[in-house]
Amino acid sequence: MPTQPAGAGKSSFGYIDGATLFRCLALRPDHVLLDLGCGAGNYTFAAADHIQAAGAIHAVDLWAEGVAALQTRARREGLHQIQTHAVDASKALPLNDDVVDVCLMATVLHDLVTDGTHKGALGEVARVLKPGGRLAVVEFEKEGGPPGPPRHIRLAPAEVAELLAAHGFTPAGQTGLSPHLYLALFDLKADTVERSAP
Ligand SMILES: C[S@@+](CC[C@H](N)C(=O)[O-])C[C@H]1O[C@@H](n2cnc3c(N)ncnc32)[C@H](O)[C@@H]1O
């Protein structure tokens, strides 16, 4: 595993319409959000406007330096609902089963697929999501950039849906967030039993 993961320090947040994203996420003050592949926390801090101390935001990234900076900023700003975790999400998330209302994966799934680590990560997401919980995937349109990664590693909505179906997720809507990025929503089937390997 490289010391600095691919995608570290990059963010799609500046290219999306945040109002559309958060309207679609329909976060509540008591929700538990998992921001998987949070990077420097641009989505995390925006979500903190919607989730208060009654809930929690778990900001997870393999990029230890970015997570440390995120934690420092969260403490400085008194955002105690934000909890940071510098871990490899494809191995084990430090969360109990069935505790997360919404998982956001903002421009990270294509990196996991490129690394071949997406199955472990999606298994962990399915484990920690509450039955009926929601997974929100933000990805770049499968067109040339910039902005965004090379076209050949981008994921079209149908490819995302196929990857997620194997983990018990069913499509729950899709919308454009800008000319460059789309949001695809998925619900975890209540009877899903597939978990990551112990
Ligand atoms: C393109 S960045 C997106 C960051 C953030 N979502 C944003 O757009 O502002 C992808 C992030 O995924 C993280 N990442 C990649 N593989 C990971 C893994 N196995 N576990 C946790 N984080 C991972 C990278 O470190 C990077 O910060």
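Being a predicted model, the structure only gives us computed values, none of them experimental. (Residues numbered from 1 in each chain as written. Predicted model: local features only at pLDDT ≥ 70, side-chain atom pairs only at ≥ 80, totals over all residues.)

### Digging into the pairing of strand 5 (residues 129-140)
Walk down a regular strand and you will see the side chains alternate between the two sheet faces. Applicable threshold: Put simply, a residue is buried when 20 or more other C-beta atoms lie within 10 Å of its own C-beta and exposed when 12 or fewer do; between those, it is partly exposed, and each C-beta is set from the backbone. In this text, helices come from DSSP runs of H or I with a minimum length of four residues, and strands from runs of E with a minimum of two, each type numbered from the N-terminal end. Two strands qualify as a pair provided DSSP detects at least 2 bridges between them.
The element strand 5 is extensively covered by neighbouring structure, given that nine of its twelve residues are classed as buried. Sheet topology note: the strand 4 (residues 100-106)/strand 5 ladder contains six bridges and is parallel. Note on strand 5: the bridge partner recorded for C103 is L135. Direction of pairing for strand 5 relative to strand 7 (residues 181-188): antiparallel, over a ladder of seven bridges. Among the inter-strand pairings, V138 is bridged to a residue of strand 7, identified as L183.

### Description of the nonpolar core
To be explicit about the condition: Buried Ala, Val, Leu, Ile, Met, Phe, Trp, Tyr and Cys residues form a nonpolar core when they are connected through C-beta atoms within 7 Å. Here the contact rule is simple: place C-beta atoms from the backbone, and any two residues whose C-beta atoms are within 7 Å are in contact.
Among the nonpolar cores identified, the biggest contains 60 residues, and L33, L36, C103, L104, V125 and L135 are the most heavily contacted of them. Residues in contact with V125, not counting those within four places in the same chain, are L36, C103 and L135.

### Looking at the site of the ligand
The criterion, for reference: Nearness here is judged by the C-beta atom: place it from the backbone, and if it falls within 6 Å of a molecule or strand, the residue counts as near that partner.
Close to the ligand lie 27 residues, the nearest being G7, S11, G37, G39 and A89. Secondary structure elements with two or more residues in the shell around the ligand: helix 2 (42-47), strand 2 (56-61) and helix 4 (109-115).

### Considering the sheet that holds strand 5
Formally: In this analysis, axes come from line fits to C-alpha atoms, helices being fitted only over the stretch in contact, and the angle between any two N-to-C directions falls in the range 0 to 180 degrees.
Spatially, 3-2-1-4-5-7-6 is the arrangement adopted by the seven strands of the open sheet, whose pairing is mixed. At either margin of the open sheet sits one strand with a lone partner, and together these are strand 3 (82-86) and strand 6 (169-176). Strand after strand, the sheet turns through a mean of 20° between neighbouring axes, direction not considered. Taken together, the five bridges between strand 2 and strand 3 define a ladder with parallel strand orientation. Across the sheet, H58 pairs through a bridge with Q83, a residue of strand 3. Each of strand 4, strand 5, strand 6 and strand 7 touches helix 1 (residues 18-25); the most contacted strand, strand 7, lies at about 10° to it.

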